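Geometric and topological summary
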Amino acid sequence: MGGGLFCGFVMLTLGFLVALLFGSVQTVYGVLFLPVCVLTALWVREEDLLTAPVIVPIAFALGLLPLVDDGGSGGWLMGMVTGLATQAGWLYGGTLVAGAIVLGRRMRTVRVLNRRAAAARSRLRA
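For clarity, every value in this text was computed on a predicted model and none was experimentally measured.

Here the focus is the overall build of the protein chain. What the protein chain contains, in helices and strands, is five helices and zero strands. For the protein chain, the α and β elements follow one another from N to C terminus as α-α-α-α-α. Compactness check: the protein chain gives a C-alpha radius of gyration of 19 Å against a globular reference of 14 Å for 126 residues, more than 25% above the reference. Expressed as a percentage of its 126 residues, the buried residues of the protein chain come to 32%. For the protein chain, the exposed surface amounts to about 7600 Å²; the carbon and sulfur share of it is 72%. The protein chain carries 10 positive and 5 negative side-chain charges, and their two centres are separated by 27 Å.

Below you can see the structure in the form of structure tokens.
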């Protein structure tokens, strides 16, 4: 829960800042998305590890809202579709980075749990 709120809030804030400082330059937004993915994957709780790769694309789309042109509902929808299509590399890259970090953290957690279980079994046998 906290990881999703963090990522969504940061990406929405970055979307507003990029729109304010750079106009509709979505490449800057895409570059800023990568460190947010890393921070989200590192910051999310152990119990919520597998949600991080799901959270980051949603937050990317949320932060893209301030960057699309206002042309009514049709223009907004077209801007979102175009933005997601043209920035798909950043979106997939950030999601892949978050997934790799989460996978590494999960493997470490499982390894620690297996060691504890093996130690408990060896104490029971002795």
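Turning to the packing of helix H1 (residues 2-22) against helix H2 (residues 26-43), a few remarks are in order. With their axes 10 Å apart at the nearest point, H1 and H2 run at an angle of 160° to one another. Relative to H2, the element H1 is oriented roughly antiparallel. Seen from above, H1 lies across H2 with right-handed handedness. On H2, the residues touching Gly2, Gly3, Phe6, Cys7, Val10, Met11, Leu14, Gly15, Val18 and Phe22 of H1 are Val28, Tyr29, Leu32, Phe33, Val36, Leu39, Thr40 and Trp43.

Cut-offs applied
Residues numbered from 1 in each chain as written. Predicted model: local features only at pLDDT ≥ 70, side-chain atom pairs only at ≥ 80, totals over all residues. Heavy atoms only, no water. Helix = DSSP H or I, 4+ residues; strand = E, 2+ residues; numbered from the N terminus. Rg over C-alpha atoms; globule rule 2.2 N^0.38 Å. Buried < 20%, exposed > 50% of the residue type's maximum accessible area, 1.4 Å probe, protein only. Areas by Shrake-Rupley, 256 points an atom, 1.4 Å probe, with all protein chains shown as cover. Lys, Arg positive; Asp, Glu negative; His and termini not counted. Charge placed at Lys NZ, Arg CZ, Asp CG, Glu CD. Axes fitted to C-alpha atoms, helices over the stretch in contact; angles between N-to-C directions. Parallel < 35°, antiparallel > 145°, perpendicular 65-115°, else oblique. Left-handed = near helix turned anticlockwise from the far one by under 90°. Contact = heavy atoms within 4.5 Å.

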